[in-house]
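So you can see what is in the structure, the chains are spelled out below.
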Amino acid sequence: LRRDSFFTGVVEGNISSDRIVKMFNVVNDQLVVEDKGIYSIEKFIVARRLMYWQVYLHKTVLSAEHLLVNILKRAKELAENGVDLFCTPSLRMFLYNRFTKSAFLNKPEVLEAFAQLDDYDIMTSIKVWAAHSDKILSYLCKRLVDRELFAVELQQKPFTGSYVEQLQKKAAKKYGLKKEEVPYYVFTGAVQNKAYSSDNIRINILFKNGSVIDIAEAADLFNISVLAQPVKKYFLCYPKELRS
């Protein structure tokens, strides 16, 4: 949180990590936080929620991430249809083959090849694909390379079918797309954030009387129990040119 807060300029993510660490203790082989650090923990949870909606799930991040996903989907589709694509050896291995979970578990070379994949493999390939003859792959890659990301709309409820269909028809007409190609240009989805979840890992507060209570119950702020509830938002992505 402190790192991302610093590099993005979002001050709400700057937490008292040193104080939190100093308040750590162990009870019955479980990590706990002494009650003196409860306010630092409260701030940590609130900061986490703010950073998710202001940074990690920001519109720009959603647009870039799903544009990248669609690029790789299109590249995989072309590869499976026998189209020769430029790519690094590690990326080629996964574009032109299908691996099951058992392959990752039983074939060390598959896992090793996957571990070799990084942003250099992907971005190098995307820069070359920007000049590819496939209009969809080329278009998507150019948008990402030139940072001309898709427009994103966020709201609390799913988008109506008529509104999405209207944009899809515009895209099909403007870019000469077939029905099955339209989802590369206009697509919807949902994102969810839960600032604090005690389902798997609990933040336990140790009080002076020896009792250990979950932060959601121990915190003075009612907000903590509220933040334990998942927040779901729906998004719609499409080229900005379709707005007019």
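Here, every reference points to the structure presented above.
Residues numbered from 1 in each chain as written. Predicted model: local features only at pLDDT ≥ 70, side-chain atom pairs only at ≥ 80, totals over all residues. Heavy atoms only, no water.

A. Main features of the overall build of the chain. Scanning the chain for helices and strands turns up 12 helices and 7 strands. Relative to a compact globule of 244 residues, whose C-alpha radius of gyration would be 18 Å, the chain shows 23 Å and is clearly more extended. Across its three principal axes, the chain shows a C-alpha extent of roughly 70 × 50 × 30 Å. Here the chain holds 244 residues, and 39% of them are scored as buried. Nonlocal contacts in the chain, meaning residues at least 24 apart in sequence, comprise 67% of its contacts between residues at least 6 apart. For the chain, the computed accessible surface area is about 14700 Å², with 54% contributed by carbon and sulfur atoms. Of the charged side chains in the chain, 35 are positive and 28 negative, and the gap between their average positions amounts to 6 Å. (Helix = DSSP H or I, 4+ residues; strand = E, 2+ residues; numbered from the N terminus. Rg over C-alpha atoms; globule rule 2.2 N^0.38 Å. Buried < 20%, exposed > 50% of the residue type's maximum accessible area, 1.4 Å probe, protein only. Contact = heavy atoms within 4.5 Å. Areas by Shrake-Rupley, 256 points an atom, 1.4 Å probe, with all protein chains shown as cover. Lys, Arg positive; Asp, Glu negative; His and termini not counted. Charge placed at Lys NZ, Arg CZ, Asp CG, Glu CD.)

B. Up close: a nonpolar patch on the surface. On the surface, Val21, Phe24, Val26 and Leu31 cluster together into a nonpolar patch covering about 370 Å² of accessible area. Locating Leu31 in the fold gives a position in strand β2 (residues 30-34). (Patch = residues over 30% accessible without salt bridge, like charges linked within 9 Å, V, L, I, M, F, W, Y side chains within 5 Å. Salt bridge = Lys/Arg side-chain N within 4 Å of Asp/Glu carboxyl O.)

C. Region of the structure containing the environment of Val128. Along the polypeptide, Val128 turns up in helix α8 (residues 119-129). Take Val128: its relative accessible area is 39%, and that puts it in the partly exposed class. Between the C-alpha atom of Val128 and that of Val164, which follows or precedes it by 36 residues, the distance is 31 Å.

D. Structural detail: the nonpolar core. Ile71, Leu95, Trp129, Leu137, Leu140, Tyr185 and Val186 are the most contacted members of the largest nonpolar core, which has 43 residues in total. Only α4 (59-80), α5 (89-95), α8, α9 (135-145), β3 (151-155), α10 (161-175), β4 (187-193) and β7 (231-238) provide two or more residues apiece to this core. In contact with Leu95, other than residues within four places in its own chain, are Ala75, Lys76, Ala79, Leu85, Cys87 and Trp129. Listed in part, the 12 residues of the second largest apolar core include Ile38, Ile45, Tyr196 and Ala218. (Core = buried A, V, L, I, M, F, W, Y, C linked by side-chain atoms within 4.5 Å.)

E. Local environment of the sheet that holds strand β1 (residues 24-27). Read across the open sheet, the 4 strands follow the order β1-β2-β5-β6; overall the sheet is mixed. Edge positions in the sheet fall to β1 and β6 (212-214), since each of these pairs with one other strand and no more. Neighbour to neighbour, the strand axes of the sheet diverge by 45° on average, direction disregarded. Relative to β6, strand β5 (residues 204-206) runs antiparallel, the two sharing 3 bridges. In the sheet register, Ile205 faces β6, and the bridge partner there is Ile213. (Pairing = 2+ DSSP bridges. Axes fitted to C-alpha atoms, helices over the stretch in contact; angles between N-to-C directions.)

F. Highlighting the sheet that holds β3. The 3 strands lie next to each other as β3-β7-β4, forming an open sheet whose pairing is antiparallel. With one partner strand each, in any of the chains shown, β3 and β4 form the two edges of the open sheet. Within this sheet the neighbouring strands show an average axis-to-axis angle of 25°, counted without direction. By the bridge criterion, 7 bridges tie β4 to β7 in an arrangement that is antiparallel. Its bridge partner lying in β7, Asn193 is registered against Val231. Each of β4 and β7 touches helix α3 (residues 38-56); the most contacted strand, β4, lies at about 165° to it. Taken strand by strand, α4 contacts β3, β4 and β7, and its axis lies near 120° from that of β3.

G. How the structure looks around the packing of aromatic side chains. All told, the structure shown has 11 aromatic pairs when counted by the stated rule. Each ring, one from Tyr52 and one from Tyr56, has its centre 5.0 Å from the other, and the planes form 70°; the classification is edge-to-face. Remark: Tyr56 and Tyr52 occur in helix α3; sequence separation between them is 4 residues, near one turn of the helix. Among the residues examined, Tyr52 registers a relative accessible area of 25% and is labelled partly exposed. Residue classification places Tyr56 among the partly exposed positions, given a relative accessible area of 25%. Three or more aromatic residues joined by ring pairs make a cluster, and in this case those are Phe94, Phe99, Phe104 and Phe114. The side chain of Lys233 reaches across the aromatic face of Trp53, ending 4.4 Å from its centre. (Phe/Tyr/Trp six-rings, centres within 6.5 Å; stacked < 30°, edge-to-face > 60°. Lys NZ or Arg CZ within 6 Å of the ring centre and 35° of its normal.)

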